[in-house]
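As a plain string of letters, each chain reads:
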2 protein chains.
Amino acid sequence: MAEIMKTITSIHDMTTWARDRVLNRESIGFVPTMGYLHDGHLSLVKRARSENDAVVASVFVNPTQFGQNEDFTVYPRDPDGDSEKLRSGGVDVLFIPEADELYGQDYETYVELERLPLPLCGKSRPGHFRGVATVVLKLFNIVLPNNAYFGSKDFQQLQVIRRMVRDLNVSTMIVGCPTVREPDGLAMSSRNAYLSPVERKQAICLHDALMIAKGLFDKTETDASVYIKAMKDRITEESDARPDYISLVDPETLEDLPTVKDAALAVMAVKIGKTRLIDNMSLAG
Amino acid sequence: MAEIMKTITSIHDMTTWARDRVLNRESIGFVPTMGYLHDGHLSLVKRARSENDAVVASVFVNPTQFGQNEDFTVYPRDPDGDSEKLRSGGVDVLFIPEADELYGQDYETYVELERLPLPLCGKSRPGHFRGVATVVLKLFNIVLPNNAYFGSKDFQQLQVIRRMVRDLNVSTMIVGCPTVREPDGLAMSSRNAYLSPVERKQAICLHDALMIAKGLFDKTETDASVYIKAMKDRITEESDARPDYISLVDPETLEDLPTVKDAALAVMAVKIGKTRLIDNMSLAG
């Protein structure tokens, strides 16, 4: 593809471009983001670049996936930085849709899943995954990707999208990519920008707690309550840390596992001051 | 296209066929049905045939759009007759998916509209339009149609599908086609097969009532309650007829119109014995 990145803001122009690729038998890789890009996002771009003829990245802070008291209005933005990072990453098209065009007058259609959105983040963020599933389906219908790339930090989101795509017979292949971490283990997230220097140090407790779970798994501990207590103890060592949830779940159904045998996922959401962070680690053998 | 109709039952085979058409730059016209085909369906096939390079018709009695006490299990079926009618109509592919494949294990994703499904048929058939929107989106993702054809008898369904396609950025064009009627005016419907000879005669009251509304409109009557009373009077002349709803609505929003000025739609659902029939007529100038 071209070495110059094209920026598209209109849905019509995006679909026209995508349809030309399809008719030209070129594969499209897609990385949907909310911007304020970090190395986690760029690892998705790299993977997309290596597996497709053309790469589209979108930047859209999707209002329908934020609750009323959440951080939609203050979500960090850096359009120029994002654009430069994506260009350097070899993206062909940066798609920046307008909220008014994606959610026009009398908008009323949503994609709802009955079970996967209920536990974990869904409990404290009702409607969040409805917003995510809806905007992802809309973007897929506009960008026509063969492959779409998502990070594993947002594991519940990844599972919701996989299930939605399977259930609605969407032809896009969903590629889950490993979480990218800071040198001290903190999972990269645009929301890390909210942390004060003191909170940033405390935030390492999420990764520490996951490593404690990994250690227990390696010692063949099977009682989930032992894991959860040990993880909680590590989190609450930090004065500004309050767990939202800490669970061991089945990676497929996201249901709580009372006993840890084969594949299990340690997952957590923790508030560090006012900033809600999530992380997870596979305890598969 | 070929003169021999192909019957496909697997989702994978259907999508493979459709993708070949797309890559060959052939347009696909699609007529989704629940089978037991009548001349109304065949008028959709005819239109699709005249406007596309390839034509797909599906026959699938969709379980998710039937309520628990509705007629899913007894819905009339005639696979051989349907196949012959579609072949004669010039259909290239008859797609007959299996319910088990369309709604596999742990199926949990639905398309929900917030407003259009609430009035009219939605009141007595909760969940019906959720099932319709979901299966239509699934079929579109499998058949990849450029154009899809729906009858206007199911006007609320047509509006729900139009809105869903617009909201979710689906690229398929929705073509609404005129209701086809029996010589005496009864709208063609697979459910007419449920009517006894006596009920069949009484069923003409739906069309009669709509013609009464048309007559009032032509006399520039503006008070919706006058229309509704006149229509109801005609329906209840029949001993086995019980109106479910009789309304004058805005054809776009489906909201009740107290005053009839420009575009209005007279809509009704009437039970004739145990058979629920629907019909509508545009009162646009």
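Since the model is a prediction, treat every value here as computed from it, not as a measurement.

The rules behind these values
Along every chain, residues carry numbers that run from 1 in the direction the sequence is written. As they are written, the chains are lettered A onward and the ligands numbered 1 onward, keeping that order. At least 70 in pLDDT is required for a residue's local features to be given in this predicted model, at least 80 for side-chain atom pairs to be given and counted, and no such filter applies to totals for whole chains, interfaces and linings, which use all residues. Put simply, DSSP marks the helices as runs of H or I at least four residues long and the strands as runs of E at least two long, and each gets a number from the N terminus on. Computation of the radius of gyration draws on C-alpha atoms, with the globule rule given as 2.2 Å multiplied by the number of residues to the power 0.38. For the exposure call, what matters is how many other C-beta atoms sit within 10 Å of a residue's own: 20 or more marks it buried, 12 or fewer exposed, and in between partly exposed, using C-beta atoms placed from the backbone. We call two residues in contact when the distance between their C-beta atoms, placed using the backbone, is within 7 Å. When DSSP locates at least two bridges between a pair of strands, those strands are taken to pair. All axes are obtained by fitting lines to C-alpha atoms, using only the stretch in contact for helices, and the reported angles, taken between N-to-C directions, cover 0 to 180 degrees. Side-chain classes are defined by residue name, with Ala, Val, Leu, Ile, Met, Phe, Trp, Tyr, Cys and Pro counting as nonpolar, Asp, Glu, Lys and Arg as charged, and the others, Gly among them, as polar. Just so you know how the angles are binned, under 35 degrees is roughly parallel, over 145 roughly antiparallel, 65 to 115 roughly perpendicular, and the rest oblique. In this scheme, a crossing is called left-handed if the near helix is turned counterclockwise away from the far one by less than a right angle; it is called right-handed if the turn is clockwise. One confidence number per residue, pLDDT, is output by the predictor and ranges from 0 to 100. The least-squares superposition of copies is restricted to C-alpha atoms, and to residues with a pLDDT of at least 70 in both copies. Boundaries between domains were set according to an automatic or database domain assignment. A crossover gets the label right-handed when its path from the first strand over the helix to the second runs clockwise, viewed with the strands pointing away from the viewer.

Moving on: the overall build of chain A. Each helix and strand in chain A was counted, giving 10 helices and 10 strands. Taken over the C-alpha trace, chain A has a radius of gyration of 19 Å; the compact-globule value for 285 residues is 19 Å, and the two agree within 12%. Viewed in the frame of its principal axes, chain A has a C-alpha envelope of about 55 × 40 × 40 Å. For chain A, the proportion of its 285 residues judged to be buried stands at 43%. Long-range contacts, defined here as pairs at least 24 residues apart, represent 72% of the contacts in chain A between residues at least 6 apart.

Hydrogen bonds between backbone groups are what pair the strands of a sheet, and the pairing can be parallel or antiparallel. Residue and element names in this part refer to chain B. Taking strand neighbours across the sheet as the criterion, the six strands line up as β1-β4-β3-β2-β6-β7 in an open arrangement whose pairing is parallel. Of all strands in the sheet, those with a lone pairing partner are β1 (6-8) and β7 (173-177), marking the two edges. For this sheet, the mean inter-axis angle between neighbouring strands, taken without regard to orientation, is 25 degrees. Bridge count for strand β2 (residues 28-33) against strand β3 (residues 54-59) is six bridges, and the pairing is parallel. Along β3, the bridge assignment pairs F30 with V56.

Once that is clear, we can look at the interface of chain B and chain A. Tallying the contact residues gives 25 residues for chain B and 25 residues for chain A. Mapped by element, the contributors of at least two residues to the side of chain B that touches chain A are α1 (11-23), β5 (109-113), α6 (128-143) and α7 (155-167) of chain B. Residue contributions to the side of chain B that touches chain A peak at five residues, all from β5 of chain B. Of the residues contributing to the side of chain B that touches chain A, the split by class is 12 nonpolar, five polar and eight charged. As defined by bridge partners, strand β5 (residues 109-113) of chain A adjoins β5 of chain B across five bridges and the pair is classed as antiparallel. Paired with L113 of chain A across the bridge in β5 of chain B is T109 of chain B.

Next up on the list: the environment of A203 of chain A. Residue and element names in this part refer to chain A. By secondary structure assignment, the location of A203 is in the loop between α8 (197-202) and α9 (204-218). What makes A203 buried here is the crowd of 27 C-beta atoms within 10 Å. A203 sits 16 residues away from A187 along the chain, and the two C-alpha atoms are 9.5 Å apart. Dropping the residues within four chain positions of it, A203 is found in contact with L186, L195, I272 and L277.

All names here are of chain A. Relative orientation of the contacting elements α9 and helix α10 (residues 224-235) amounts to 150 degrees, with a least axis distance of 9 Å. For the element pair α9 / α10, the angle class is roughly antiparallel. As for the relative orientation of α9 and α10, their crossing is right-handed in sense. Note on element contacts: α10 touches α9 through V226, Y227, A230, M231, R234 and I235, opposite C205, D208, A209, I212, A213 and L216. When its residues are assigned to classes, the contact of α9 with α10 shows 10 nonpolar, no polar and two charged.

A separate point is the sheet that holds strand β10 (residues 275-282) of chain B. All names here are of chain B. Pairing in this open sheet of three strands is antiparallel, and the strands run β8-β9-β10 from one edge to the other. Of all the strands in the sheet, the pair left with one neighbour each is β8 (241-249) and β10. Going across the sheet, the axis of each strand differs from the next one's by a mean of 15 degrees, ignoring polarity. Sitting on the sheet, helix α10 (residues 224-235) is in contact with β8 and β9 (265-272), with an inclination near 160 degrees to β8.

Confidence along chain A averages 97 in pLDDT terms, with 99% of residues attaining 70 or more. Predicted complex metrics record ipTM = 0.96 and pTM = 0.97.

Mapping chain B onto chain A calls for a rotation angle of 180 degrees and an axial translation of 0.0 Å; the resulting RMSD is 0.0 Å. Considering both components of the superposition, the chain copies are consistent with a two-fold axis. Closest approach to the rotation axis within chain B is made by the C-alpha atom of V111 of chain B, at a distance of 2.4 Å. In this assembly the copies share their binding face: 100% of the residues contributing to the interface of chain B also contribute to that of chain A.

Right, let's get into the domain arrangement of chain A. Residues and elements named next belong to chain A. Examined at the domain level, chain A breaks down into domain 1 (6-177) and domain 2 (190-282). The distance between the C-alpha centroids of domain 1 and domain 2 comes to 26 Å. With 15 residues of domain 1 in contact, the opposing surface of domain 2 contributes 12 residues. Listing elements by their share of the side of domain 1 that touches domain 2, those giving two or more residues are α5 (121-124) and α7 (155-167). When grouped by side-chain class, the residues that make up the side of domain 1 that touches domain 2 number eight nonpolar, four polar and three charged.

Residues and elements named next belong to chain A. Topologically, L102 is positioned in helix α4 (residues 99-102). Judged by the 20 C-beta atoms lying within 10 Å of it, L102 is buried. For the pair L102 and N62, spaced 40 residues apart in sequence, the C-alpha separation works out to 9.4 Å. Those residues in contact with L102, other than ones at most four positions away along the chain, are P97 and K138.

Residue and element names in this part refer to chain B. With four of its five residues buried, strand β6 (residues 147-151) lies for the most part within the structure. As paired elements, β2 and β6 share two bridges and run parallel to each other. If you follow G29 over to β6, its bridge partner there is N147. Pairing analysis gives five bridges linking β6 to β7, with the strands arranged parallel. For G151, the partnering residue across the bridge sits in β7 and is C177. In this fold, the crossover linking β6 to β7 by way of α7 has right-handed handedness.

Residues and elements named next belong to chain B. The buried fraction of β9 amounts to seven of the eight residues, a majority that puts the element mostly inside the structure. Sheet topology note: the β8/β9 ladder contains eight bridges and is antiparallel. Within the sheet, the bridge partner assigned to Y245 lies in β9 and is A269. Linkage of β9 to β10, two consecutive antiparallel strands, is achieved through a turn of two residues, within which G273 is found at a positive phi near 65 degrees.

Moving on: unusual backbone geometry. Residues and elements named next belong to chain A. Of note in this structure, D106 is not a glycine but carries a positive phi near 60 degrees. Residue placement: D106 occurs in the loop between α4 and β5. The backbone of L144 shows a phi angle near 55 degrees, a positive value even though the residue is not glycine. Residue placement: L144 occurs in the loop between α6 (128-143) and β6 (147-151). Judged by the 20 C-beta atoms lying within 10 Å of it, L144 is buried.

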